[in-house]
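The lines below spell out each chain.
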Amino acid sequence: MPGRRYRCRVPAQRPHEEAAAVIRRRTSLASLFPFPFRFLFLLVSALVLVVGGADPARAAGYRYWSFWERDGGRDGGSAWTYATQGPSTARPSDGDVQGFRFTVSQDADDAAGPRGAADFASLCARTPPREGHKRVALVIDFGTAADAPSGETPPAPRTACARVPEDATTADALAAVAGPLRYDTNALLCAIADYPEKGCGEPVQDTGAGTSDEDPQTSAPASASGSEDGSSGGPSLGLFAGAGVVALLGAAAVWQARRRRG
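Residues numbered from 1 in each chain as written. Predicted model: local features only at pLDDT ≥ 70, side-chain atom pairs only at ≥ 80, totals over all residues. Heavy atoms only, no water.

This part takes up the nonpolar core. Ranked by size, the top nonpolar core spans 20 residues in total, and within it W65, F100, L138, I140, L174 and I192 carry the most contacts. Looking at this core, the elements that each hand over two or more residues are β1 (60–70), β3 (97–105), β4 (133–141), β5 (158–165), α4 (170–178) and β7 (189–192). Here I140 is in contact with W65, F100, P157, R158, L174, A178 and I192, once residues within four sequence places are set aside. The next biggest cluster of nonpolar side chains, apart from the first, holds 15 residues, and it includes W80, V97, A108 and F120. (Core = buried A, V, L, I, M, F, W, Y, C linked by side-chain atoms within 4.5 Å. Buried < 20%, exposed > 50% of the residue type's maximum accessible area, 1.4 Å probe, protein only. Helix = DSSP H or I, 4+ residues; strand = E, 2+ residues; numbered from the N terminus. Contact = heavy atoms within 4.5 Å.)

Note the cis peptide between G179 and P180, where omega equals 0 degrees. Within the secondary structure, P180 is located in the loop between α4 and β6 (181–183). The omega angle of the peptide bond from Y195 to P196 is -5 degrees, so this bond is cis rather than trans. Note that P196 resides in the loop between β7 and β8 (203–205). The backbone phi angle of A193 is positive, close to 50 degrees, even though this residue is not glycine. Examined against the element boundaries, A193 turns out to sit in the loop between β7 and β8. The class for A193 is partly exposed, based on a relative accessible area of 23%. Even without a glycine there, the phi angle at D194 is positive, about 65 degrees. With respect to the element layout, D194 can be found in the loop between β7 and β8.

As enumerated under the stated definition, the model contains 1 cavity of 30 Å³ or more in all. Its boundaries defined by the atoms lining it, the largest cavity holds a volume of some 50 Å³. Secondary-structure elements contributing two or more residues to the lining of the largest cavity are β1 and β7. Here the lining of the largest cavity gets 3 residues from one element, more than from any other, and that element is β1. Residues of the lining of the largest cavity, tallied by class, amount to 8 nonpolar, 2 polar and 3 charged. (1 Å grid on protein atoms, 1.4 Å probe; cavity = no way out; pocket = protein on both sides within 12 Å on 5 of 7 lines; lining within 4 Å. Points joined across faces, edges and corners; volume = space filled by probe spheres on them. Nonpolar A, V, L, I, M, F, W, Y, C, P; charged D, E, K, R; others polar.)

As a further point, take a negative patch on the surface. Together, E131, E166, D167 and D172 line one region of the surface with negative charge. Checked against the element boundaries, D167 lands in the loop between β5 and α4. (Patch = residues over 30% accessible without salt bridge, like charges linked within 9 Å, V, L, I, M, F, W, Y side chains within 5 Å. Areas by Shrake-Rupley, 256 points an atom, 1.4 Å probe, with all protein chains shown as cover. Salt bridge = Lys/Arg side-chain N within 4 Å of Asp/Glu carboxyl O. Lys, Arg positive; Asp, Glu negative; His and termini not counted. Charge placed at Lys NZ, Arg CZ, Asp CG, Glu CD.)

Time to look at the state of the cysteines. On inspection of all chains with the given rule, the structure shows 2 disulfides. There is a disulfide in this structure between C124 and C161, and the S-S distance comes to 2.0 Å. One quick way to see it: the torsion about the S-S bond of C124 and C161 is about 105 degrees, and its sign makes the bridge right-handed. Here C124, found in the loop between α3 (120–123) and β4, pairs with C161, found in strand β5; they are 37 residues apart in sequence, far enough to count as distant. For the pair C124 and C161, one class covers both residues: buried. There is a disulfide in this structure between C190 and C200, and the S-S distance comes to 2.0 Å. Since a negative S-S torsion denotes a left-handed disulfide, the C190-C200 link at about -70 degrees is left-handed. With a gap of 10 residues between them, C190 in strand β7 and C200 in the loop between β7 and β8 connect regions that are remote in the sequence. Cysteine pairing for the protein chain, with bonded cysteines counted in sequence order: 1-2, 3-4. (Disulfide = S-S within 2.5 Å.)

Everything listed is a geometric property; what it means functionally is a separate question.
Following this line, the structure appears as structure tokens:
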């Protein structure tokens, strides 16, 4: 799990090779056109290719438990940052504040951080220090109803102060206050306190709404002039580009016929 994208293993994609194959096929097709029309055919075909792939509302996100750290957490004076390693390898120090958020996102850049109080002094006020142990403040945010798997309701957020041995990992601290935990065969954290009941880092079709901290029942309704998926009701640019290809084919046929008669 490299860097700041500790979640799951996403199969490698090679869009540049797929695009090259499409270009080769369309270049061969262009040879069927008379010379004056070849450049126009390739230009319009490229436009169709670009427009056909430009559908950000269909980009896949992932549903998973994200792991966060809070610098300066002892006094609550800093913001959440996405952890650079997983909870099973991270070893916090006494006084650290760490958080977990169940979320749906494409990567660390658009993931939502934990909500609620996040300063060590208040979270661990009732947990006195002990020799040979450390205290780690934890914020556990089960996410919103919009991010929940089908048929499940996220529990209320909770906070805890874990007192664990000095060499304990974040996973150890989490298990001490919010078990049971569930992991997959790649040591990916799948569930905290049995939430969710099933699933682990699965891809989710992105509707364009993204993760929200708002109650979905209070969010604004979609515009009446658009479709349910948020697109406008008018013809798309791809439709016009396709019509351009058809027109180009007709013009080429007329040109070829006139040339033969001449």
